[in-house]
Amino acid sequence: MTREEMLAYCLGKPGAWLDRPWEGDEVVKVGSRIFAFLGAPDGTARVGVKCGPSREVADEWLHRFPADARPMPYVGRSGWNALDLGGAIPDD
């Protein structure tokens, strides 16, 4: 999956909209809540999403896809991971 395909998928969710709250970074929100961090359009193709209610649950992604998943800086302790697009993680 490419970054553009992920962005289109996210924007296809009911009520989703694109925001640029920080210089150069894009996120997708529903209402005022972020549900996907996409980073800079010219950066690495990855998406930051909540992968579980806690760090322990979200760590399953790190075990299954060690080369393509990592905890997100700052919000990783709350179950958010950065997942590389186009790697071993299936698109679905």
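Everything here concerns the structure above.
Residues numbered from 1 in each chain as written. Predicted model: local features only at pLDDT ≥ 70, side-chain atom pairs only at ≥ 80, totals over all residues. Heavy atoms only, no water.

Caption draft 1: Seen up close, the overall build of the chain. The number of helices and strands found in the chain is two helices and six strands. Secondary structure of the chain in N-to-C order comes out as α-β-β-β-β-α-β-β. A compact globule built from 92 residues should have a C-alpha radius of gyration of about 12 Å, and the chain, at 13 Å, falls within 12% of that. Surface exposure of the chain reaches about 5700 Å², of which carbon and sulfur atoms provide 56%. Looking at the chain, you have 11 positive and 14 negative side-chain charges, and the mean spots of the two groups are 6 Å apart. (Helix = DSSP H or I, 4+ residues; strand = E, 2+ residues; numbered from the N terminus. Rg over C-alpha atoms; globule rule 2.2 N^0.38 Å. Areas by Shrake-Rupley, 256 points an atom, 1.4 Å probe, with all protein chains shown as cover. Lys, Arg positive; Asp, Glu negative; His and termini not counted. Charge placed at Lys NZ, Arg CZ, Asp CG, Glu CD.)

Caption draft 2: Summary view of the nonpolar core. If you look at the biggest cluster of nonpolar residues, it comprises 16 residues, and the most contacted ones within it are Met 6, Val 28, Leu 38, Val 47 and Leu 83. Looking at this core, the elements that each hand over two or more residues are helix H1 (3-11), strand S3 (33-39) and helix H2 (55-64). Apart from the residues lying within four places of it in its own chain, the contact partners of Leu 83 are Arg 46, Val 47, Val 49, Cys 51, Trp 61, Asp 68, Ala 69 and Ile 89. Formed by five residues, the second largest nonpolar core is a distinct cluster that contains Phe 37, Met 72, Trp 80 and Ala 82. (Core = buried A, V, L, I, M, F, W, Y, C linked by side-chain atoms within 4.5 Å. Buried < 20%, exposed > 50% of the residue type's maximum accessible area, 1.4 Å probe, protein only. Contact = heavy atoms within 4.5 Å.)

Caption draft 3: Local environment of unusual backbone geometry. Positioned with a positive phi, Tyr 74 is a non-glycine residue whose angle comes to about 75°. In this fold, Tyr 74 is placed in the loop between strand S5 (69-71) and strand S6 (80-84).

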